[in-house]
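Structural description and commentary
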Amino acid sequence: MNAKELRNAYVDFFKKRGHAYIPSASLIPENDPTVLFTTAGMHPLVPYLMGEKHPAGKRLVNYQKCIRTGDIDDIGDSTHLTFFEMLGNWSLGDYFKEGSIKMSYDLLTEVLKIKPDNLAVTAFEGNENAPKDMETYNAWKKLGFRDDQIFFYGMEDNWWGPAGLTGPCGPDTEIFYDDGRKKCGPKCGPACKCGKYVEIWNNVFMEYNKKEDGSYVPLSQQNVDTGMGLERVLAMMNGVKSAYDTELFIPTIKEIERLSGQKYEDNVRAFRIIADHLRSATFLLGDDRGVAPSKMDQGYVLRRLIRRASRYMRKLGIEGCRMVNISKIIVEQYSDVFPELERNKEFIYSNLAAEEEKFNKTLDRGLRIADRMFEELGNSKTLDSEHAFRLYDTFGFPIELTKELADERGVSVDIKGFEERFKEHQEKSRAGAEQKFKGGLADSSDDTVKLHTATHLLNAALRQVLSADIMQKGSNITPERLRFDFNFDRKMTPEEIQKVSDIVNDAIKRNIDVVCEEIPYEEARRSGAIGVFEGKYQDIVKVYTIEGVSKEMCGGPHVSNTGDIGGFKIQKEESSAAGVRRIKAVVGKF
Ligand code: SER
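Each chain carries its own residue numbering, running from 1 in the written order of its sequence. Local features are withheld for residues below a pLDDT of 70 in this predicted model, meaning they are given only at 70 or higher, and side-chain atom pairs are given and counted only at 80 or more; totals for whole chains, interfaces and linings count all residues. Excluded from the side-chain calculations are hydrogens and water; all other atoms, namely the structure's heavy atoms, are used.

Let's shift gears to the overall build of the protein. Counting its secondary structure elements, the protein contains 18 helices and 18 strands. For the protein, the spread of C-alpha atoms along the three principal axes comes to 75 × 65 × 45 Å. When each of the 590 residues of the protein is scored for burial, the buried share is 54%. Using a 1.4 Å probe, the Shrake-Rupley method yields the accessible areas, and only the shown protein chains count as cover for residues. About 26000 Å² of surface is accessible on the protein, with carbon and sulfur atoms providing 48% of the total. Each charge sign in the protein was given a centre, from 84 positive and 92 negative side chains, and these centres are 2 Å apart. Helix and strand assignments come from DSSP, with helices taken as H or I runs of at least 4 residues and strands as E runs of at least 2, each series counted from the N terminus. Under the scheme applied here, a residue whose accessible area is under 20% of the maximum for its type counts as buried, over 50% as exposed, and between as partly exposed, the area being computed with a 1.4 Å probe on protein chains only. We count Lys and Arg on the positive side and Asp and Glu on the negative side, and we leave His and both chain ends out. One atom stands in for each charge, and that atom is NZ of Lys, CZ of Arg, CG of Asp or CD of Glu.

Structure representation (structure tokens):
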């Protein structure tokens, strides 16, 4: 079975069971500041899990592009990937535990032909927030599972979400492939790391909303959110140990062999890092809301991926700028499934080449600074953590590189101190990320909803004042402010800013109703509604109309009358990237 067959088999299976196929959303969450990247198929669906009506219905299926960079330093082993595809199906207040478990079982045994004896499952053991999940246990028993195939675990293993600090979450049942080997010890089970059990699917029963005060309250509806890692299942179906040994990676690995003159078998880790990171970078740059490398947020992560790949390419002896060679293979390979890569290939290649060249320069400067640091050590035989961390932080030197350089000079590095600093730094970034979690339409708080409607008014006003070609390039809303990126290649004049802000405030003062309709996509387009859509179009879309001002396809939610916004003020207009301007604005009474 190849990747295409697996995607199709999954989608067809659920389509036959009443699910509507929805296209993969962008890797960059729209209007959801809770995370930098889409990390699971459920992310773009948060408003619908919270109770908003989805235009495609209550049963959905898709394959979603995802990025997870939490364990970027583990890349190189056989299981971790920064980019992956998640196959998923959802029930939005429709079927629940038993229905979901039965469908998963049928797909695994009938479509993927896994023997029931090779499956093991887990369930939530219960705590003060939610009871022991006997419903899940009974559903598996009903399908013939023996007690030694069902394992109960606590919060850490069998509770998923919320994605941020708050939001939909619940107990889950994880499904594992058991390779049939003997248990490694009496405690061996799906939570054991010995490799006997490989997780293939996670079915989350999202019936709770975690609030900011840490309490769990029942959601208005009981949802199912499932996720299956495509690459991992593909490897399993083909009897290979790792995704890197599947058709998804073999062409890239061959190209790295050709460019470096080295063998994959002799340099497994370096090859995997390059292949993984450049796949993620290609998808991030090639997204319709693609980002360029930068010092902040998604752009910073992208930069890290590219630079790390670059360092390993240099390590394998690949001279000059060769990333585009590798990226081209990825674009060709994936364009039929993710046509945005082909659409955005010029952006991908030009940014990759520019960043690679820039880093080659930083790398050289960093090496010179490192040399000086070693010289200045004098009699000390240890490079302290402050210096090691500076090389990491300022020049992007991974600690292994610093250590290698130190080894060559017979010097050691205070790795422990470095790790402490690194952890501190990570905690700071995590705290930053958690801060982001607080807002967003995920919570549908009053302020974010107001800002969301204000964003539509702003978008319309910009098209009126600047050009009808204005397109939204990104939107991010926290409870404090909106941030809107759009294509425009010069600074706006103060007069233009005033005009835009007047149009928005005028619409607010006129107390116009915000009307939502669900209509076929084609009809929406013909009616002149604007909106960013990825991939294939859904049949029925939501259109929010603010009569005489704005008509936009969007998932919502919005205020019911523009008067609810109170007032609107532009705080900043600045450059965001080449050809992209950014506006930050606030709402309220001024
Ligand atoms: N959201 C769950 C996960 O990421 C199921 O898709 O595992």
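Here the focus is the site of the ligand. Near is defined per residue: the residue qualifies when any heavy atom it owns lies within 4 Å of the molecule or strand. Around the ligand sit Ala40, Met42, Arg68, Met86, Trp160, Asn202, Val204, Asp225, Thr226 and Gly227, and that is every residue in its neighbourhood. Think of a polar contact as two N or O atoms within 3.5 Å of one another; within protein, one of them needs to be a possible hydrogen donor and the other a possible acceptor, and neighboring residues in sequence only count if both atoms come from side chains. Thr226 places a main-chain nitrogen or oxygen 3.4 Å from an oxygen atom of the ligand. At 3.1 Å, a backbone N or O of Gly227 approaches an oxygen atom of the ligand. Relative to its unbound accessible area of 230 Å², the ligand is 95% covered by the protein chains. Among the elements of the structure, strand E8 (197–210) and strand E9 (216–229) are those that each provide at least two residues to the shell around the ligand. No other element matches the three residues that E9 contributes to the shell around the ligand. The residue classification treats Ala, Val, Leu, Ile, Met, Phe, Trp, Tyr, Cys and Pro as nonpolar and Asp, Glu, Lys and Arg as charged. All others, Gly included, are polar. Considered class by class, the residues forming the shell around the ligand number five nonpolar, three polar and two charged.

Examined against the element boundaries, Asp287 turns out to sit in the loop between helix H8 (268–286) and helix H9 (297–315). Within the local environment of Asp287, its side chain forms a polar contact with the backbone nitrogen of Leu27, the two atoms lying 2.8 Å apart. The contact criterion used is simple: two residues touch if any of their non-hydrogen atoms lie within 4.5 Å. Discounting chain neighbours no more than four positions away, the residues touching Asp287 are Ser26, Leu27, Ile28, Lys65, Glu340 and Asn344.

Another point: unusual backbone geometry. A cis geometry characterises the amide bond from Gly161 onward to Pro162, with omega recorded as 0°. Following the sequence through the fold, Pro162 ends up in the loop between strand E6 (159–160) and strand E7 (167–178). Of note in this structure, Lys113 is not a glycine but carries a positive phi near 60°. Among the secondary structure elements, Lys113 is positioned in the loop between helix H3 (97–111) and strand E4 (119–124). For Lys113, a relative accessible area of 65% gives the class exposed. Backbone geometry places Asn511, a non-glycine residue, at a positive phi of 45°.

With that settled, the discussion passes to the pattern of salt bridges. What counts as a salt bridge is simple: a side-chain nitrogen of Lys or Arg found within 4 Å of a carboxyl oxygen of Asp or Glu. On inspection of all chains with the given rule, the structure shows 33 salt bridges. Residue Asp133 is joined to Lys97 by a salt bridge in which the shortest nitrogen-to-oxygen separation is 3.0 Å. Pair noted here: Asp133 is in the loop between E4 and helix H4 (134–142) and Lys97 is in helix H3, with a separation of 36 residues, a long-range link. Owing to a relative accessible area of 5%, Lys97 belongs among the buried residues under this scheme. In the salt-bridge network here, residues are joined through shared partners; they are Lys97, Asp133, Glu135 and Glu207.

What follows is about the pairing of strand E3 (residues 83–92). Of all ten residues making up E3, ten are buried, and the element is well covered by its neighbours. Here E3 shows two buried faces, one formed by Phe83, Glu85, Leu87, Asn89 and Ser91 and the other by Phe84, Met86, Gly88, Trp90 and Leu92. Only strands joined by at least two bridges in the DSSP assignment are considered to pair. Bridging between strand E2 (residues 59–67) and E3 involves nine bridges; their strand directions are antiparallel. Residue Leu60 lies in a different strand from E3, and its bridge partner there is Trp90. Note that E3 and E9 share five bridges and pair antiparallel. Bridged to Trp90 within E9 is Asp225.

In the predicted model, the protein carries a mean pLDDT of 90, and 94% of its residues have values of at least 70. A residue's pLDDT is the confidence the predictor assigns to it, expressed on a 0 to 100 scale. The low-confidence segment residues 533–537, where pLDDT is below 50, has 13 contacts with residues more than four positions distant or belonging to other chains.

This part takes up the sheet that holds strand E18 (residues 580–587). In a beta sheet, neighbouring strands are held together by backbone hydrogen bonds and run either parallel or antiparallel to one another. Ordered in space as E12-E13-E18-E17, the four strands form an open sheet in which the pairing is antiparallel. Unpaired on one side and paired on the other, strand E12 (472–477) and strand E17 (568–577) mark the two borders of the sheet. Averaged over all pairs of adjacent strands, the angle between strand axes in this sheet comes to 20°, irrespective of strand direction. Bridge count between E12 and strand E13 (residues 482–487): five bridges; the pairing is antiparallel. Paired with Gly474 across the bridge in E13 is Asp485. All axes are obtained by fitting lines to C-alpha atoms, using only the stretch in contact for helices, and the reported angles, taken between N-to-C directions, cover 0 to 180 degrees.

Turning our eyes to something else, we now look at the side chain of Ser327. Tracing the backbone through its elements, the reader meets Ser327 in helix H10 (residues 323–334). Here Ser327 falls in the buried class, since its relative accessible area comes to 0%. Ser327 has contacts with Thr282, Ile348, Tyr349 and Leu352, leaving out every residue within four places of it along the chain.

When two helices pack together, their arrangement is given by the angle between the helix axes and the distance between those axes. Here H8 crosses H10 at 65°, and the two axes come no closer than 10 Å. Between H8 and H10, the interaxial angle falls into the category roughly perpendicular. In this structure, H8 crosses over H10, and the sense of that crossing is right-handed. Listed contacts from H10 to Ile274, Leu278, Arg279, Thr282 and Phe283 of H8 are Met323, Ile326, Ser327, Ile330, Val331 and Tyr334. Considered class by class, the residues forming the contact of H8 with H10 number eight nonpolar, two polar and one charged. Convention used here: angles under 35 degrees read as roughly parallel, angles over 145 as roughly antiparallel, angles from 65 to 115 as roughly perpendicular, and any remaining angle as oblique. Crossings are sorted by hand: turned counterclockwise from the far helix by less than a right angle, the near helix makes the crossing left-handed, and turned clockwise it makes it right-handed.

Put simply, a nonpolar core is a bunch of buried Ala, Val, Leu, Ile, Met, Phe, Trp, Tyr and Cys residues held in one set by side-chain atoms that sit within 4.5 Å of each other. Of all hydrophobic cores here, the largest spans 98 residues; its most connected members are Leu108, Met228, Leu278 and Leu352. Looking at this core element by element, the count peaks at ten residues for H8. Setting aside residues no more than four positions away along its own chain, Met228 makes contact with Tyr10, Glu85, Met86, Leu87, Leu107, Leu108, Leu112, Ile200, Trp201 and Val233.

To pair, rings of Phe, Tyr and Trp, with the six-membered ring standing in for Trp, must have centres within 6.5 Å; the planes then decide the type, stacked if under 30 degrees apart, edge-to-face if over 60, and tilted in the middle. One pass over the structure, following the stated rule, counts 28 aromatic pairs. Look at Phe389 and Tyr392: their rings are 5.6 Å apart centre to centre, the planes differ by 40°, and that puts the pair in the tilted class. Taken together, the residues Phe389 and Tyr392, both in helix H13 (residues 385–395) and three residues apart, mark about one turn of the helix. Owing to a relative accessible area of 12%, Phe389 belongs among the buried residues under this scheme. Of the residues examined, Tyr392 reaches a relative accessible area of 12% and is grouped as buried. A network of ring pairs unites the aromatic residues Tyr21, Tyr63, Phe83, Phe283, Tyr334 and Phe338 as a single cluster. Note on criteria: charge over ring means Lys NZ or Arg CZ within 6 Å of the ring centre, with the direction from the centre no more than 35 degrees off the ring normal. The residue whose ring lies beneath Lys196 is Tyr197, and the NZ or CZ to ring-centre distance is 5.3 Å.

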